[in-house]
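Structural features, examined
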Protein chains: 2
Amino acid sequence: MDKVFKTPSILSTMDAKQELVAYQKKVDGALSRFFQDKIAEAGRVDPSTVDAIAQLENFTMRKAKRLRPAFMYYGYACFADPNDDVVYASMAMEMIQSYLLIHDDIMDQDVLRRGKETVHVHYGKKYGSRHGESVAICVGDFAVHYANEILAESNFPADRKLRAIVEMNKYVRKVVHGQIRDLRSSVLPQTEDDVMKTYLLKSATYTIEGPLHIGAILAGADDADLETLSQYALPLGVAFQLRDDINGLFGDPAKTGKPADSDLKEGKYTMLTVYALAHADPLEQKVLRSALGNAESTADEINQVREIIRNVSLAYMTGFAEGKVKRAIAAIDTMPYADQGKSFLIGIAEFIAVRDH
Amino acid sequence: MDKVFKTPSILSTMDAKQELVAYQKKVDGALSRFFQDKIAEAGRVDPSTVDAIAQLENFTMRKAKRLRPAFMYYGYACFADPNDDVVYASMAMEMIQSYLLIHDDIMDQDVLRRGKETVHVHYGKKYGSRHGESVAICVGDFAVHYANEILAESNFPADRKLRAIVEMNKYVRKVVHGQIRDLRSSVLPQTEDDVMKTYLLKSATYTIEGPLHIGAILAGADDADLETLSQYALPLGVAFQLRDDINGLFGDPAKTGKPADSDLKEGKYTMLTVYALAHADPLEQKVLRSALGNAESTADEINQVREIIRNVSLAYMTGFAEGKVKRAIAAIDTMPYADQGKSFLIGIAEFIAVRDH
């Protein structure tokens, strides 16, 4: 076992991004073929419902980072050589993503996702908003069933697939717990601890830990391996969400695919806003409180809020996220994982901390 | 194989109802224990979300026929001796039922379900209707994940469980196809064929065929067995839905658990209304058309519609449903299935055709 103490040839962030692009092509190809099949199947079941699957395809195939299926793929790659079967199974992570986003967009009444109109808005324009939301609930429901079928029908040993199915449903339930917390956050005051817990449930578990575990399980990893992957995944997931919040408020809507004021107008408490509320001076706090959750905020008021958060929270949060990324990398740095998986995980961690979309 | 030509000791409808009551007790006990565990788990994940699981429990544990898990249990009993493991696995069918009903109630804006308030109405009263619907989407989502976990964690051979998971997700997707048809039915004109297709997708596949198949698969049945069970399930499912429509319009709301005018006011096309629209005289047709989908219909107008449908459709539809029940029974009558399963299936078929709730 000289592998244990071998220093891996770490990929740079740039290399990890290239790896991700190569993987994206593979999974996008698999998703396209999958939807072709499912649209044909829907035509046989009932032609009048083909459009709903076509909308799910349209939504899913929009330009996206594919981070969740990628984490599953490279989680597998830490323990075994990944192949097309892993690409196929990893589509489940992207189906779960579509399912959650489509339902989430209804809950948040979001109009844009990935730079285009959300599913309920698309159908709302055609048939009225009530009907639009109903069809969108159904479209999301299709996706959660596909996710379970994909894992169950993938080409892996039966016991590993069952364990993966249990794990997937359990961690997606954690997102739903997090979503309920999030919904409550617009009606209840939130502390930093509250927000951190939501981040762990909605982002860290969901975006990184869960997919990594599924990949590792399919490759035959044991509980100790999963525990180590969690030590990487959870801090990185928090950093990922912090970066998301920063981009959501200060990023370019053309890159992030959503309006830069939506979190503020919806009154969602992020670490940025909660920290600012606790550390800004009283006058600034008043400005923050009157703008948060106020759908009628003017562009001027939003800009004022942005400036306050920039001055009070931004440097602190950026440093906090960087510390989390370091902890994440340290957790797997000396582990004897296969190079392809481990190098990606380390390279992508750096990318996550600095990305602008 | 003298069993093949043996006439089974057919249970009467009364016996099948008693069997069903005995099974209901078992599955209700299992569901209570399951929710106790899940509420404790939610407390560990996040105390602020315990209430959502408690609401799912409250909704699921309301008095209900448990027909779907019962069909799974007795589908199993056609091929092997059922035990507590089958009861446990059959909870998945009831979780799917809660998931679909909770989402359905949002789509239809229904206020009552099983005689009590729907989940979105419950939360809507507390936090406003937007918020209520959002939490209800989440509560339904919890249930679909539980359903998959229950099958995956049940005590059966891994290959059978995987096959059952694939089958369950596939047939539940058919319900979602049916739901989209149903949603369109309020914006598009419908023919008898249209309505029949919705019945096959939403009721026959879902309530009877799917659960029977899952039970049979867990017991090790082969494809030919599943095909025979479909010959029983599909006509019976249509009869079941026709009976549901009849009870929905003419039944006692105290027994059916929903207002007797909701289908009419929502403009849902049932076989009763479509048949009446095609066969009533022109004046009656005008009355029907102006009342269907009109939420403002007065009690007088609703009563007029009820009388027209009673005169035009009721006898025809009752006879049609009885014919379907006979076909269902004939499909399994001479099959060499184990008595406990087969007798129940025959007895319950008669019950389904005559039940008043």
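Residues numbered from 1 in each chain as written. Chains lettered and ligands numbered in written order. Predicted model: local features only at pLDDT ≥ 70, side-chain atom pairs only at ≥ 80, totals over all residues. Heavy atoms only, no water.

Some remarks on the nonpolar core
- Among the nonpolar cores identified, the biggest contains 236 residues, and Y232 of chain A together with Y232 of chain B are the most heavily contacted of them.
- Discounting residues that sit within four places of it in the chain, Y232 of chain A has contacts with F71, I208, L212, A328, I329, A331, I332, L345, I346, I348 and A349 of chain A. (Core = buried A, V, L, I, M, F, W, Y, C linked by side-chain atoms within 4.5 Å. Buried < 20%, exposed > 50% of the residue type's maximum accessible area, 1.4 Å probe, protein only. Contact = heavy atoms within 4.5 Å.)

Focus: the relation of the copies chain A and chain B
- You can overlay chain A on chain B at an RMSD of 0.0 Å; the transform is a turn of 180° with a shift of 0.0 Å along its axis. The relationship between the two copies is best expressed as a two-fold rotation axis. Taking C-alpha positions as reference, the residue of chain A nearest the rotation axis is A158 of chain A, located at 2.9 Å.
- The overlap is high: 100% of the interface residues of chain A also sit at the interface in chain B, so the same surface is used on both sides. (Least-squares fit on C-alpha atoms with pLDDT ≥ 70 in both.)

Things to note about the interface of chain A and chain B
- Across the contact, 52 residues belong to chain A and 52 residues belong to chain B.
- Both faces combined, the contact of chain A with chain B buries some 4900 Å², and carbon together with sulfur accounts for 65% of it.
- Considering only the surface of chain A that becomes buried against chain B, H145, R173 and H177 of chain A emerge as the three largest contributors, covering 14% of it.
- Our count for the contact surface shared by chain A and chain B stands at 12 salt bridges.
- Among the salt bridges present, the one from K170 of chain A reaches E149 of chain B, with a minimum N-O distance of 3.6 Å.
- On the surface where chain A and chain B come into contact, there are 20 residue pairs in polar contact (both at pLDDT 80 or more).
- At the level of elements, helix 1 (13–45), helix 2 (50–61), helix 4 (84–108), helix 6 (129–153), helix 7 (158–185) and helix 8 (192–218) of chain A are the ones that each hand at least two residues to the side of chain A that touches chain B.
- A breakdown of the residues in the side of chain A that touches chain B according to their chemical character gives 26 nonpolar, 11 polar and 15 charged. (Buried area = accessible area lost by both parts, 1.4 Å probe. Salt bridge = Lys/Arg side-chain N within 4 Å of Asp/Glu carboxyl O. Polar contact = N/O pair within 3.5 Å; in protein donor to acceptor, adjacent residues only side chain to side chain. Helix = DSSP H or I, 4+ residues; strand = E, 2+ residues; numbered from the N terminus. Nonpolar A, V, L, I, M, F, W, Y, C, P; charged D, E, K, R; others polar.)

Description of the confidence of the model for chain A
All names here are of chain A.
- Averaged over all residues, the pLDDT of chain A is 91; the fraction at 70 or higher stands at 95%.
- Per-element confidence in chain A is highest for helix 3 (residues 67–77), whose mean pLDDT is 98, and lowest for helix 10 (residues 253–256), whose mean pLDDT is 75.
- Throughout residues 1–9 the model reports pLDDT below 50, and contacts reaching past four residues in sequence, or to other chains, amount to 9 contacts. (pLDDT = per-residue confidence, 0-100.)

So, empty space enclosed by the protein
All names here are of chain B.
- Enumeration over the complete set of coordinates arrives at 5 cavities of 30 Å³ or more.
- Taken as a whole, the largest cavity spans an internal volume of roughly 80 Å³.
- For the largest cavity, the lining is made up of 13 residues, of which D245, L249, D263, L264 and T270 are closest to its centre.
- At the level of secondary structure, the elements contributing two or more residues to the lining of the largest cavity comprise helix 9 (223–250), helix 11 (262–266) and helix 12 (271–279).
- Tallied by class, residues from the lining of the largest cavity come to 5 nonpolar, 4 polar and 4 charged. (1 Å grid on protein atoms, 1.4 Å probe; cavity = no way out; pocket = protein on both sides within 12 Å on 5 of 7 lines; lining within 4 Å. Points joined across faces, edges and corners; volume = space filled by probe spheres on them.)

A word on the packing of helix 9 (residues 223–250) of chain A against helix 16 (residues 339–354) of chain A
All names here are of chain A.
- Running from N to C, helix 9 and helix 16 point in directions that differ by 20°, and their axes come no closer than 8 Å. Looking at the two axes, helix 9 sits roughly parallel to helix 16. Helix 16 is crossed by helix 9, and the crossing has left-handed handedness. On the side of helix 9, the interface is formed by L229, Y232, L236, F240 and R243, while helix 16 contributes L345, I346, I348, A349, I352, A353 and V354.
- Class assignment of the residues belonging to the contact of helix 9 with helix 16 gives a composition of 11 nonpolar, no polar and 1 charged. (Axes fitted to C-alpha atoms, helices over the stretch in contact; angles between N-to-C directions. Parallel < 35°, antiparallel > 145°, perpendicular 65-115°, else oblique. Left-handed = near helix turned anticlockwise from the far one by under 90°.)

Description of the packing of aromatic side chains
All names here are of chain A.
- Using the criterion set out here, one finds 27 aromatic pairs over all chains in the structure.
- On the basis of an interplanar angle of 65° and a centroid distance of 6.3 Å, the ring pair of Y23 and Y74 is categorised as edge-to-face. Residue Y23 is found in helix 1, and its partner Y74 is found in helix 3; the two are separated by 51 residues along the sequence. Of the two residues, Y23 and Y74, both sit in the buried class. (Phe/Tyr/Trp six-rings, centres within 6.5 Å; stacked < 30°, edge-to-face > 60°.)

Points about the pattern of salt bridges
- This structure, assessed with the given rule, holds 38 salt bridges over all chains.
- In this structure, K126 of chain B engages D51 of chain B in a salt bridge whose closest nitrogen and oxygen atoms are separated by 3.8 Å. You can see K126 of chain B sitting in helix 5 (residues 119–127) and its partner D51 of chain B sitting in helix 2 (residues 50–61), a full 75 residues away along the chain.
- Assessed through its relative accessible area of 47%, K126 of chain B is described here as partly exposed.
- You can call D51 of chain B partly exposed: its relative accessible area is 31%.
- Two residues, E117 of chain B and K125 of chain B, come together in a salt bridge whose shortest N-O distance is 2.7 Å.
- With a relative accessible area of 26%, E117 of chain B lands in the partly exposed category.
- Residue classification places K125 of chain B among the exposed positions, given a relative accessible area of 65%.
- Shared partners join several salt bridges into a network, and the residues in it are K38, E41, E149 and E153 of chain A together with K170 and R173 of chain B.

Considerations on helix 16 of chain A
Residues and elements named next belong to chain A.
- With 16 residues, helix 16 should reach 22 Å at 1.5 Å per residue; the first-to-last C-alpha distance of 23 Å fits that figure.
- Of all 16 residues that make up helix 16, 12 are buried, and the element is covered over most of its length.
- Buried residues in helix 16 make contact with helix 1, helix 3, helix 8, helix 9 and helix 15 (314–333). (Expected span 1.5 Å × (residues − 1).)

Quick word on the environment of L200 of chain A
All names here are of chain A.
- Within the fold, L200 resides in helix 8.
- Note on L200: relative accessible area 32%, which makes it partly exposed.
- It is 14 Å that separates the C-alpha atoms of L200 and K170, two residues lying 30 residues apart in sequence.
- Setting aside residues no more than four positions away along its own chain, L200 makes contact with T205, L234 and V238.

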